[in-house]
Amino acid sequence: MEKPQHQLFYLTDALAFPPVDTANSDGLLAVGGDLSSERLLLAYQQGIFPWFNEDSIILWWSPDPRMVLYPKKIKISKSMRKVLRDKRFRITKNTCFKEVLEYCSSVDRVGQDGTWITEQMKMAYLKLHEKRIAQSYEVWEDDKLVGGLYGIDLGHVFCGESMFSLTSNASKFAFIKLAQELQEKEYKIIDCQLHTDHLESLGAQEISRIEFLKLLK
């Protein structure tokens with residue numbers, strides 16, 4: 001017997017998403033809707049995130065499995081331990097969110113494609129930053145911005161969105177510093193969304209969507 005075709009859910013103006021277990025095998029859950037702060041926050045709280053190209057309708061995802069990092073499981077290589085000791089880099093938080101966003105949308109990064117950070121997405125995340133929900137971590141070398149990351153802070157889970165590096169190890173430095181801070185604050189996980197070898201090398205792992213949702217709640 002043939003499997004029934006997946007019915008794609010089209011969002012309306014109503015502030016609601018379908019159950020995440022109705023996503024297709026790639027994790028695509030729904031299309032349409034908008035990128036209002038209210039809808040975005042609801043999405044992240046339910047384990048859903050937007051991901052689409054400039055010329056595409058808005059696509060909403062909830063993949064299974066899910067890539068996450070337990071902060072205490074961050075892997076710091078011997079070479080990165082030296083970078084941390086050398087104090088070559090300096091970390092700040094929320095000092096230039098817009099610049100981090102711009103770099104993330106334009107700089108090539110290991111295992112990621114920046115083209116999905118559209119102008120529409122930038123405006124949406126800037127609004128979330130104004131509400132202190134979206135946050136950035138910036139890495140400086142000799143007072144020059146050389147790396148960083150941004151994401152959504154849910155208070156017990158940090159949903160990482162994107163990172164960039166203009167010089168070797170800068171984004172790793174940001175990610176390690178984020179993990180160390182969240183470990184101190186007893187956050188449950190950093191949501192990394194999808195598997196990349198780069199994230200795995202830093203200690204991230206895949207867990208089931210059910211397990212992820214338990215941690216989220």
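Whatever comes next refers back to the structure up there.
If you're wondering where the values come from, they're calculated on a predicted model, not measured in any experiment.

*Asks:* Lay out the sheet that holds strand β8 (residues 144-153) with the relevant residues and their values.
*Replies:* With mixed pairing, seven strands are arranged side by side in an open sheet as β6-β7-β8-β9-β10-β5-β11. Two strands lie at the open edges of the sheet, namely β6 (90-93) and β11 (205-207), each paired on one side alone. Averaged over all pairs of adjacent strands, the angle between their axes in this sheet comes to 35 degrees, without regard to strand direction. Direction of pairing for strand β5 (residues 66-69) relative to β11: antiparallel, over a ladder of three bridges. By the bridge assignment for β11, Met67 is matched with Glu206. Sheet contacts for helix α3 (residues 97-106): β7 (134-141), β8 and β9 (157-165); angle to β8, the most-contacted strand, approximately 95 degrees.

*Asks:* Run through the state of the cysteines, naming residues and quoting values.
*Replies:* Applying the stated criterion across every chain, the model contains zero disulfides. No disulfide involves Cys104; its nearest neighbouring cysteine sulfur is the one of Cys96, lying 11 Å away. Given the relative accessible area of 0%, Cys104 is considered buried. Here Cys159 stays unpaired: no disulfide links it, and the sulfur of Cys192, its closest cysteine neighbor, is 9.9 Å away. Exposure remark for Cys159: the relative accessible area of 1% places this residue in the buried category.

*Asks:* Can you lay out the environment of Ser25 for me, pointing to particular residues and giving the numbers?
*Replies:* As for its placement among the helices and strands, Ser25 is situated in the loop between β1 (9-11) and β2 (28-32). Spatially, the C-alpha atom of Ser25 lies 24 Å from that of Leu35, the residues being ten residues apart in sequence.

*Asks:* Mind laying out the nonpolar core, listing which residues take part and the relevant values?
*Replies:* Ranked by internal contacts, the top residues of the largest apolar core, which has 50 residues, are Leu35, Leu40, Tyr44, Trp60, Tyr125, Tyr150 and Ile152. Setting aside anything within four residues of it in sequence, one finds Leu35 in contact with Leu40, Pro50, Phe52, Ile58, Trp60, Gln120, Met121 and Ala124. With 27 residues, the next largest nonpolar core counts Met67, Leu69, Leu199 and Leu202 among its residues.

*Asks:* Go over a nonpolar patch on the surface, please, and point to the residues and values.
*Replies:* Together, Leu8, Tyr10 and Ile57 make up a nonpolar patch on the protein surface, roughly 300 Å² of accessible area in all. Position of Ile57 relative to the elements: it lies in the loop between β3 (49-50) and β4 (59-61).

*Asks:* Can you tell me about the environment of Lys144, naming the residues and giving the values?
*Replies:* Structurally, Lys144 can be placed in strand β8. Judged by relative accessible area, which is 52%, Lys144 ranks as exposed. Between the C-alpha atom of Lys144 and that of Arg90, which follows or precedes it by 54 residues, the distance is 9.9 Å.

Cut-offs and rules
- Residues numbered from 1 in each chain as written.
- Predicted model: local features only at pLDDT ≥ 70, side-chain atom pairs only at ≥ 80, totals over all residues.
- Heavy atoms only, no water.
- Pairing = 2+ DSSP bridges.
- Helix = DSSP H or I, 4+ residues; strand = E, 2+ residues; numbered from the N terminus.
- Axes fitted to C-alpha atoms, helices over the stretch in contact; angles between N-to-C directions.
- Contact = heavy atoms within 4.5 Å.
- Disulfide = S-S within 2.5 Å.
- Buried < 20%, exposed > 50% of the residue type's maximum accessible area, 1.4 Å probe, protein only.
- Core = buried A, V, L, I, M, F, W, Y, C linked by side-chain atoms within 4.5 Å.
- Patch = residues over 30% accessible without salt bridge, like charges linked within 9 Å, V, L, I, M, F, W, Y side chains within 5 Å.
- Areas by Shrake-Rupley, 256 points an atom, 1.4 Å probe, with all protein chains shown as cover.
- Salt bridge = Lys/Arg side-chain N within 4 Å of Asp/Glu carboxyl O.

Purely geometric stuff here, so don't read any function into it on its own.
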